[in-house]
Amino acid sequence: MDMVLETLGMTEETLDPQDWADVQALSHRVIDDAVDYLRDVRDRPVWREMPADVRDVFTAPLPRSPSPLAAVYDEVSRTVMSYPMGNIHPRFWSWYMGSSNFAGALGDFLAAIQGSNLGGGNHAAGLMDSQVVNWCKQMLGFPASAGGTLVSGGSMANIIGLTVARNVKAGIDVREHGVAAIEKPLRFYGSDQIHSCHRKAMEALGLGNRALHRIPTDAGLRMDIAALRAAIAEDRAAGFKPACVIGTAGTVNTGAIDDLRALAKLAHEEDLWFHVDGCIGALIAIAPENAHRVAGIEWADSVALDPHKWLHAPFEVGCALVRDAVAHRKTFAVTPEYLESTPRGLASGEWLHDYGLQTSRGFRALKVWMALKEHGADKFGRLIDQNIAQADYLAGLIEAEPELELAALPTINIVCFRYQPGLAGEAPKALNTEIMLRLQEEGIAALSDTTVHGQHWLRVAITNHRTRREDLDLLVRQVTRLGRQIAAEHPASF
Ligand SMILES: *Cc1c(COP(=O)(O)O)cnc(C)c1O
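Cut-off values and rules
Residues numbered from 1 in each chain as written. Predicted model: local features only at pLDDT ≥ 70, side-chain atom pairs only at ≥ 80, totals over all residues. Heavy atoms only, no water. 1 Å grid on protein atoms, 1.4 Å probe; cavity = no way out; pocket = protein on both sides within 12 Å on 5 of 7 lines; lining within 4 Å. Points joined across faces, edges and corners; volume = space filled by probe spheres on them. Helix = DSSP H or I, 4+ residues; strand = E, 2+ residues; numbered from the N terminus. Axes fitted to C-alpha atoms, helices over the stretch in contact; angles between N-to-C directions. Parallel < 35°, antiparallel > 145°, perpendicular 65-115°, else oblique. Left-handed = near helix turned anticlockwise from the far one by under 90°. Contact = heavy atoms within 4.5 Å. Pairing = 2+ DSSP bridges. Buried < 20%, exposed > 50% of the residue type's maximum accessible area, 1.4 Å probe, protein only. Polar contact = N/O pair within 3.5 Å; in protein donor to acceptor, adjacent residues only side chain to side chain. Near = heavy atom within 4 Å. Areas by Shrake-Rupley, 256 points an atom, 1.4 Å probe, with all protein chains shown as cover. Nonpolar A, V, L, I, M, F, W, Y, C, P; charged D, E, K, R; others polar. Phe/Tyr/Trp six-rings, centres within 6.5 Å; stacked < 30°, edge-to-face > 60°. Lys NZ or Arg CZ within 6 Å of the ring centre and 35° of its normal. Domains from an automatic or database assignment. Buried area = accessible area lost by both parts, 1.4 Å probe.

**Considerations on the layout of surface pockets**
Each pocket or cavity is described by its volume, and for the largest pocket that value is around 1300 Å³. Lining the largest pocket we find 39 residues, and of these V30, A34, Y37, M81 and A105 sit closest to its centre. Of all elements in the fold, only α2 (20-39), α4 (69-78) and α5 (102-114) reach the threshold of two or more residues within the lining of the largest pocket. The leading source of residues in the lining of the largest pocket is α2, at 10 residues.

**Remarks on the packing of helix α6 (residues 124-140) against helix α14 (residues 365-375)**
At a minimum axis distance of 9 Å, the contact between α6 and α14 shows a crossing angle of 55 degrees. What the angle tells us is that α6 and α14 run oblique. Viewed along their axes, α6 and α14 form a crossing whose handedness is left-handed. Touching M128, D129, Q131, V132, W135 and M139 of α6 are A365, L366, V368, W369, L372 and K373, all from α14.

**Details of the sheet that holds strand β3 (residues 212-215)**
The strands making up a sheet are joined through hydrogen bonds of the backbone, oriented either antiparallel or parallel. Strand order across the open sheet formed by 7 strands is β1-β7-β6-β5-β4-β2-β3, with mixed pairing between neighbours. Either end of the sheet is taken by a strand with one partner, and the two such strands are β1 (147-151) and β3. Direction aside, the axes of adjacent strands within the sheet are offset by 20 degrees on average. Where strand β2 (residues 186-191) and strand β4 (residues 241-248) come together, 4 bridges link them in parallel fashion. Looking at β4, one finds that L186 is bridged to K241. With respect to the sheet, α6 is in contact with β1, β6 (302-305) and β7 (318-322), its orientation differing from that of β1 by roughly 115 degrees.

**Here's the deal with the environment of S82**
You can see S82 is positioned in the loop between α4 and α5. The exposure class assigned to S82 is partly exposed, which follows from its relative accessible area of 23%. Linking S82 and V54, residues 28 residues apart in sequence, is a C-alpha distance of 9.6 Å. Setting aside its immediate chain neighbours within four residues, S82 contacts R48 and S77. There is a polar contact of 3.3 Å between the side chain of S82 and the backbone oxygen of R78.

**Focus: the site of the ligand**
Of all residues adjacent to the ligand, which total 14 residues, the nearest are S155, D277, D306, H308 and K309. A distance of 2.7 Å is found between an oxygen atom of the ligand and a side-chain nitrogen or oxygen belonging to H308. Against a free-state accessible area of 380 Å², the protein chains account for coverage of 85% of the ligand. Among the secondary structure elements, those contributing two or more residues to the shell around the ligand are α7 (154-169) and α12 (307-310). If one sorts the elements of the shell around the ligand by residue count, α7 sits on top with 3 residues. Of the residues assigned to the shell around the ligand, the class counts are 4 nonpolar, 7 polar and 3 charged.

**Section: the packing of aromatic side chains**
Applying the stated rule across the entire model yields 3 aromatic pairs. Geometrically, the ring pair formed by F92 and W95 is tilted, given 6.5 Å between the ring centres and 55 degrees between the ring planes. Overall, the relative accessible area of 46% leaves W95 in the partly exposed class. On the numbers, 6.3 Å between centres and 90 degrees between planes, the contact of Y96 with W310 is edge-to-face. Pair noted here: Y96 is in the loop between α4 and α5 and W310 is in helix α12, with a separation of 214 residues, a long-range link. Both residues of the pair, Y96 and W310, belong to the buried class. Note that R44 overlies the ring of Y37, its terminal NZ or CZ placed 4.0 Å from the centroid. Directly above the ring of W457 sits R418, whose terminal nitrogen or CZ lies 4.2 Å from the centroid.

**Describing the sheet that holds strand β9 (residues 414-419)**
Ordered in space as β8-β9-β11-β10, the 4 strands form an open sheet in which the pairing is antiparallel. At either end of the open sheet lies a strand with only one pairing partner, and these are β8 (404-406) and β10 (448-452). Mean inter-strand twist for the sheet, computed between neighbouring axes without regard to direction, equals 45 degrees. Note that β10 and strand β11 (residues 455-461) share 5 bridges and pair antiparallel. Across the sheet, S448 pairs through a bridge with R459, a residue of β11. Helix α17 (residues 469-489) rests against β8, β9 and β11 of the sheet, and its axis sits at about 30 degrees to β9.

**Quick look at unusual backbone geometry**
Here the amide bond leading from F315 into E316 is cis, since omega sits at 0 degrees, within 30 degrees of zero. As for its placement among the helices and strands, E316 is situated in the loop between α12 and β7. Here the phi dihedral of S100 falls at roughly 65 degrees; this positive angle occurs in a residue that is not glycine. Relative to the elements of secondary structure, S100 occurs in the loop between α4 and α5. Positioned with a positive phi, L221 is a non-glycine residue whose angle comes to about 65 degrees. Here L221 shows up in the loop between β3 and α10 (225-237). Residue L221 is classed as buried on the basis of its relative accessible area of 7%.

**Section: the domain arrangement of the protein chain**
Its domain assignment divides the protein chain into domain 1 (106-376) and domain 2 (379-489). Placing a centre on the C-alpha atoms of domain 1 and another on those of domain 2 gives a separation of 32 Å. Each partner contributes to the interface: domain 1 provides 27 residues, whereas domain 2 provides 22 residues. Summing both partners gives a buried area of about 2000 Å² for domain 1 against domain 2, and 65% of it is carried by carbon and sulfur. For domain 1, the biggest contributors to the area lost against domain 2 are N253, W310 and H312; these three give 33% of the whole.

**What about empty space enclosed by the protein?**
Evaluation of the coordinates by the stated rule reveals 1 cavity of 30 Å³ or more. One number sums up the size of the largest cavity: a volume of about 80 Å³. As for the largest cavity, its lining consists of 13 residues, and the residues nearest its centre are H195, G250, V252, D277 and I280. For the lining of the largest cavity, the class distribution of residues is 5 nonpolar, 6 polar and 2 charged.

In structure tokens form, the structure reads like this:
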């Protein structure tokens, strides 16, 4: 048969290589390069601007004919691998990201090689997916009976929790009748420091941005509990239905942690759902020195956490936990009960797509599983403590440097400060923005900036297992050098 097809010029094609030995040799080179890449990350700039010829690669049209895989790899190596975002570098402290790890990278590779779809079914990857969710429950002190799911990241994990909250508190069958049928408009509450993903969630849930009531914060940027209580009473009196309070365990601006115990108690008294955005801080629960800071998180009805932050999993992986597993499934399940499982075979496993919005799901669990097995959860806890101690160390350096000003003592691993040689008005913002940009362009360090208490600050978020104290010493030296240099270049402005 094959011979007949071949003589007719109709051989069937495949994406598999023609020469497996060739691919094996190339793969060894890719792995060797990858290991070198990680080993030497400290010697490279954190970030650098792409030259025009590199940018041009990404406007090339659709390739219609083949290229040898070795040539494809060489192009990726010259372009993508040479111009990274930089978040695996020891001096990357922008926004809030993890710094990845090698076992996790191998996990992503092997997950892709096996190619399993984690929509569900009876296979080993499905069991591992559930196991990693169970490990997340254990890390946070959540009951084993809770529900949960791995998702793309913290934003999706928050949407999962808030969707269950909406459906449970709506008083009607929202899945069937939609939000328009809800009798009294629902109100959700979070602090004025709440992450922007919650606004998107409120919009996507059909409740609208205004349904998220922003509660003022105290001097430490934690939600003001008395103000929350008053807002709930006012909303009730005005005919709204208070439905959910969102506590933040680690705000993105300054790392402030809301009083989770007080919020849990208040939510219980007021019959509200208690959701915790723990994308930054939930995992502090495994850090021996600092776990006390997130006490009360185990009382939440739902929590969003982010293994691609403080567990350093390669992007993407987030996790939503929901105390009431039945309510969780009822919010998303579309598998009729009679199809739930066959007694044997591939379809006898659980349908994991019944716990979220995706149908097909990637094998995110493997990268988390392999890194936790290799290092043990205790080490991840110590690394969290280490980052928090480093933030404290940096704050000390800033306080000892007269040209620098600290916004406030850090709560956890986020430090806000500025170069401030006695300037007023808008000058500090312009000068500090220029310092931030030059630190990036010179490849020294990546910081970001923010506004705290109405003022502009540089912001250092140390979620990085490669950072050493010497990197923070260098940061302080370089910021003061650049501050003086820029001020000297523009004597009239500064
Ligand atoms: C990072 C973050 C998010 C969003 O998580 P992603 O993983 O980026 O989607 C939400 N809330 C807080 C507090 C965060 O720090």
